[in-house]
Amino acid sequence: MLHRVKIVEVGPRDGLQNEKALLSTELKVELIERLVGAGLRDVEAGSFVSPKWVPQMASTPDVLTSPTLSRLRSLHSSLSLPVLVPNARGLSSLLSLLDAHPSDPPLTNELAVFVSATEGFSRANLNTSVSSSLDALPPLIEQAQARGLRVRAYVSVVLGCPFEGRVEPEQPAAVAKRLLDMGAYEVSLGDTIGVGVPGAWERLVNECERQGVPVSKLAAHCHDTYGTAVSSVLHCVSTLGIRTIDSSIAALGGCPYSPGATGNVATEDVVYALAHEGWATSALPDPDEARGERWDGLLGWDSTSGEQGVRETRFKELCRVGEWVSERLGRENGSRVGRAMKGRRERRERDERKRADREGAKAKL
Ligand SMILES: CC(C)(COP(=O)([O-])OP(=O)([O-])OC[C@H]1O[C@@H](n2cnc3c(N)ncnc32)[C@H](O)[C@@H]1OP(=O)([O-])[O-])[C@@H](O)C(=O)NCCC(=O)NCCSC(=O)C[C@@](C)(O)CC(=O)[O-]
């Protein structure tokens, strides 16, 4: 039986909201189109937050109503384009947009709310306390559900906080339980500043289960500040039983409150690592032969046809999206796998050029 992991691509929202360079609406739409083209089916498309705080997300309504996204929604029935909504004002803007642009399928079928596990981060990110932000959510969730929208919930700073340091698992687990009880279909545990390691994730997930949050309702949202995110993802999936991973193409993003914090774990790195452990994702539906020593099948060095060729093409496409967006943002590609794939491709292209030159020179003789 094929084991599946759902990837929630958060680059166009969590990633871009923290990038210095602003992408135009057209480029954001193209980014989403490329991600969907590479097989991803859950792509967070933007947020309805204050444009004063997060100018990068101000164009979310234009992104959602673009003809390209409308075409993608009708082409792929499983496509989900969630948006982040912080408060009643954000929900009201989203619902007005849905009313102004009725369509089948709708512009989006899902929104995400967010709460912090600590008071310090809650004040900085939501301008309110943890309990007030929780208290404000039930009417918002009910209203969204009444309009047919699914609600996902994030808990931020689940393992460490830039203001309060180490976070004990009891706090985020209690917040996760409240969010589930309010009707969120899934809770994404956000290691916002990227301090997580496998053991810390294990303590957190165990505590969530102890407090009545089943692992089937959890997603892991890792950032990669200390380079431990991929090992955490593998542990969350293979050992702890989590089946939804949030990631960001090219590891876009960061955290404005935590100097040095990097973006989300890169989608390319997650798909690569999971495939080698035999896990299917929408980006690589059949990774069976990518296990163990068959790893060359995934890197796509020398095979050009058949099943293996299809897998390579899909994965290369995903890596090209990371290269593309990094170039547009004028930043280094944060995906290690993406950089390795680029290096290999450039070497092959150089070799091919040299071979062609040699053959051209021989032909002239
Ligand atoms: C937190 C609030 C909502 C507090 O909003 P507030 O309580 O109204 O207070 P404020 O002083 O921050 O408000 C600032 C201005 O924004 C307006 N405003 C208020 N709400 C909205 C809205 N929805 N849409 C548009 N405008 C809004 C509000 O009316 C006011 O306008 P002014 O009176 O100055 O002209 C606001 O400050 C805000 O939107 N901040 C941005 C929060 C944000 O986007 N953070 C990043 C996302 S969370 C995250 O990335 C973590 C996550 C989910 O990825 C998981 C993880 O890794 O941890």
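One can find the structure itself at the top, above this paragraph.
All residue numbers here refer to positions counted from 1 along the written sequence of the relevant chain. Local features in a predicted model are, by the rule used here, given only for residues with pLDDT of at least 70; side-chain atom pairs are given and counted only at 80 or more, and totals for whole chains, interfaces and linings are based on all residues. Calculation of side-chain values draws on the structure's entire complement of heavy atoms; hydrogens and water are dropped beforehand.

S.K.: Is there a simple way to think about the side chain of T244 in this case?
M.R.: A run of H or I in DSSP becomes a helix once it reaches four residues, and a run of E becomes a strand once it reaches two; helices and strands are each numbered from the N terminus. If you trace the backbone, T244 turns up in strand 11 (residues 244–247). Only protein chains enter the calculation, and the probe is 1.4 Å; a residue is then buried if its accessible area is under 20% of its type maximum, exposed if over 50%, and partly exposed in between. In this structure T244 comes out as buried when scored by relative accessible area, which is 7%. A distance of 3.1 Å separates polar atoms of two side chains, one belonging to T244 and the other to E186. In contact with T244, not counting residues within four places along its chain, are K6, V8, R152, E186, L218, A219 and A220. As used in this structure description, the phrase polar contact means that two N or O atoms lie within 3.5 Å; if the pair is within protein, one of them must be able to donate a hydrogen and the other to accept it, and residues adjacent in sequence are counted only when both atoms belong to side chains. Here, residues are in contact when the closest pair of their heavy atoms is within 4.5 Å.

S.K.: Explain a positive patch on the surface to me, please; I cannot follow it from the model alone.
M.R.: On the surface, R347, R350, R353, K354, R355, R358 and K362 cluster together into a patch of positive charge. Here R350 shows up in helix 15 (residues 336–364). Patch members must show over 30% relative accessible area and no salt bridge, and they are joined within 9 Å when carrying like charges or within 5 Å when they are nonpolar side chains of Val, Leu, Ile, Met, Phe, Trp or Tyr. Per-residue and other accessible areas follow the Shrake-Rupley method at a 1.4 Å probe size, with only the shown protein chains counted as cover for residues. A side-chain nitrogen of Lys or Arg and a carboxyl oxygen of Asp or Glu constitute a salt bridge if their distance falls within 4 Å. Charged residues are defined here as Lys and Arg on the positive side and Asp and Glu on the negative side; His and the ends of the chain fall outside this count. Taken as the charge centre is NZ of Lys, CZ of Arg, CG of Asp or CD of Glu, depending on the residue.

S.K.: Can you help me understand the sheet that holds strand 5 (residues 110–116) in this one?
M.R.: As a general point, the strands of a sheet are linked pairwise by backbone hydrogen bonds and lie either parallel or antiparallel. Two strands are said to pair when DSSP picks up at least two bridges between them. Strand order in the open sheet made by the eight strands is 2-11-10-9-6-5-4-3, with parallel pairing throughout. Sheet topology places strand 2 (6–9) and strand 3 (46–47) at the edges, where each strand pairs with a single neighbour. Pairing of strand 2 with strand 11, which is carried by four bridges, proceeds in the parallel orientation. Following the sheet pairing, K6 is matched in strand 11 by T244. Along the sheet, helix 8 (residues 137–146) contacts strand 5 and strand 6 (150–156); its crossing angle with strand 5, the most-contacted strand, is approximately 170°. All axes are obtained by fitting lines to C-alpha atoms, using only the stretch in contact for helices, and the reported angles, taken between N-to-C directions, cover 0 to 180 degrees.

S.K.: Explain the side chain of S59 here, please?
M.R.: By the secondary structure assignment, S59 is in the loop between strand 3 and helix 3 (60–64). When near neighbours in sequence (up to four residues on either side) are disregarded, S59 contacts T25 and K28.

S.K.: Help me understand the nonpolar core, please; the structure alone is not making it clear to me.
M.R.: Side chains of nonpolar character tend, in soluble globular proteins, to be buried together. What we call a nonpolar core is a set of buried Ala, Val, Leu, Ile, Met, Phe, Trp, Tyr and Cys residues that are connected through their side-chain atoms within 4.5 Å. Grouped together as the largest cluster of nonpolar side chains are 99 residues, with contacts concentrated most on L111, L179, L189, W201, I245 and V325. Tallying contributions element by element places helix 14 (residues 306–329) first for this core, with seven residues. Those residues in contact with I245 that sit more than four places away from it in its chain are V5, K6, I7, V8, A220, V233, V237 and V270. Within the second largest apolar cluster, seven residues are counted, among which are V10, A112, F114 and L126.

S.K.: Help me understand the packing of helix 2 (residues 25–37) against helix 4 (residues 67–75) in this model?
M.R.: The relative placement of two packed helices comes down to the angle between their axes together with the axis-to-axis distance. Across the interface, helix 2 lies against helix 4 with an axial gap of 9 Å and an inter-helix angle of 20°. Of the possible angle classes, the one that applies to helix 2 and helix 4 is roughly parallel. For the crossing formed where helix 2 meets helix 4, the hand is left-handed. Between helix 2 and helix 4, the contacting residues are V29, I32, E33 and V36 on the first element and T68, L69, R71 and L72 on the second. All residues other than Ala, Val, Leu, Ile, Met, Phe, Trp, Tyr, Cys, Pro, Asp, Glu, Lys and Arg, Gly among them, are scored as polar; the first ten of these are nonpolar and the last four charged. Considering only residue class, the contact of helix 2 with helix 4 consists of five nonpolar, one polar and two charged. Under this scheme an angle from 65 to 115 degrees is roughly perpendicular, one under 35 degrees roughly parallel, and one over 145 degrees roughly antiparallel; angles in between are oblique. Take the far helix as the reference: if the near one is turned anticlockwise from it by less than a right angle, the crossing is left-handed, and if turned clockwise, right-handed.

S.K.: Can you walk me through the site of the ligand in this structure?
M.R.: Every one of the 24 residues lining the ligand counts as a neighbour, but Q17, K52, R89, S156 and T192 are closest to it. Contact between the ligand and S50: an oxygen atom at 2.8 Å from a main-chain N or O atom of the residue. In this structure, H223 approaches the ligand through a side-chain N or O atom, which is 3.3 Å from an oxygen atom. Protein chains shield 74% of the accessible area of the ligand, which is 1,100 Å² for the free molecule. Elements that contribute at least two residues to the shell around the ligand include exactly helix 1 (11–15), helix 5 (88–100), helix 6 (119–126) and strand 6. Nearness is judged by heavy atoms alone; a residue qualifies as near a molecule or strand once a single heavy atom is within 4 Å of it.

S.K.: Can you help me understand helix 10 (residues 198–210) in this one?
M.R.: One turn of the α-helix equals 3.6 residues, which is why residues spaced by three or four share an orientation. A helix's residues, less one, multiplied by 1.5 Å, set its expected span. With 13 residues, helix 10 extends 18 Å between its outermost C-alpha atoms, agreeing within 8% with the 18 Å of an ideal straight helix rising 1.5 Å per residue. For helix 10, the full list of buried residues reads A200, W201, L204, V205, E207 and C208. Summarising the axial view, the buried residues of helix 10 lie within an arc of 160°, below the 170-degree limit, and thus occupy one face. Those residues of helix 10 hidden inside the fold are in contact with helix 9 (170–182), strand 9 (186–191), strand 10 (218–222) and helix 11 (229–239). At the exit of helix 10 stands G212, carrying a positive phi of roughly 95°. Arc, as used here, means the arc of the directions from the helix axis to the C-beta atoms.

S.K.: Quick question: what am I supposed to make of the packing of aromatic side chains here?
M.R.: The geometry of two aromatic rings is summed up by the distance between their centres and the angle between their planes. Centres within 6.5 Å are what make two rings of Phe, Tyr or Trp a pair, Trp counting through its six-membered ring; a difference in plane orientation under 30 degrees is then read as stacked, over 60 as edge-to-face, and the rest as tilted. According to the stated counting rule, one finds two aromatic pairs in the structure shown. Taking 6.3 Å as the distance between ring centres and 35° as the angle between the ring planes, the aromatic pair formed by Y272 and F315 counts as tilted. Of this pair, Y272 sits in helix 12 (residues 267–276) while F315 sits in helix 14; the two residues are 43 residues apart in sequence, bridging distant segments of the chain. Using a relative accessible area of 24% as the deciding quantity, one classes Y272 as partly exposed. Cation over ring: R150 sits above Y185, and NZ or CZ is 3.8 Å from the ring centre. Residue placement shows R152 over the ring face of Y154; its charged tip is 5.4 Å from the ring centre. Should the NZ of a Lys or the CZ of an Arg lie within 6 Å of a ring centre and within 35 degrees of the ring normal, that charge is described as sitting over the ring.

S.K.: What is the right way to look at the environment of D104 in this model?
M.R.: By the element assignment, D104 lies in the loop between helix 5 and strand 5. Residue class for D104 comes out exposed when judged on its relative accessible area of 77%.

S.K.: What is the right way to read the packing of helix 12 against helix 15 from this model?
M.R.: Two elements in contact, helix 12 and helix 15, have axes whose closest approach is 6 Å; the angle formed by their N-to-C orientations is 85°. Taken as axis vectors, helix 12 and helix 15 run roughly perpendicular relative to one another. Packed against helix 12, whose contacting residues are E268, D269 and Y272, the element helix 15 presents R336, V337 and G338 at the interface. Among the residues making up the contact of helix 12 with helix 15, the classes are represented as two nonpolar, one polar and three charged.

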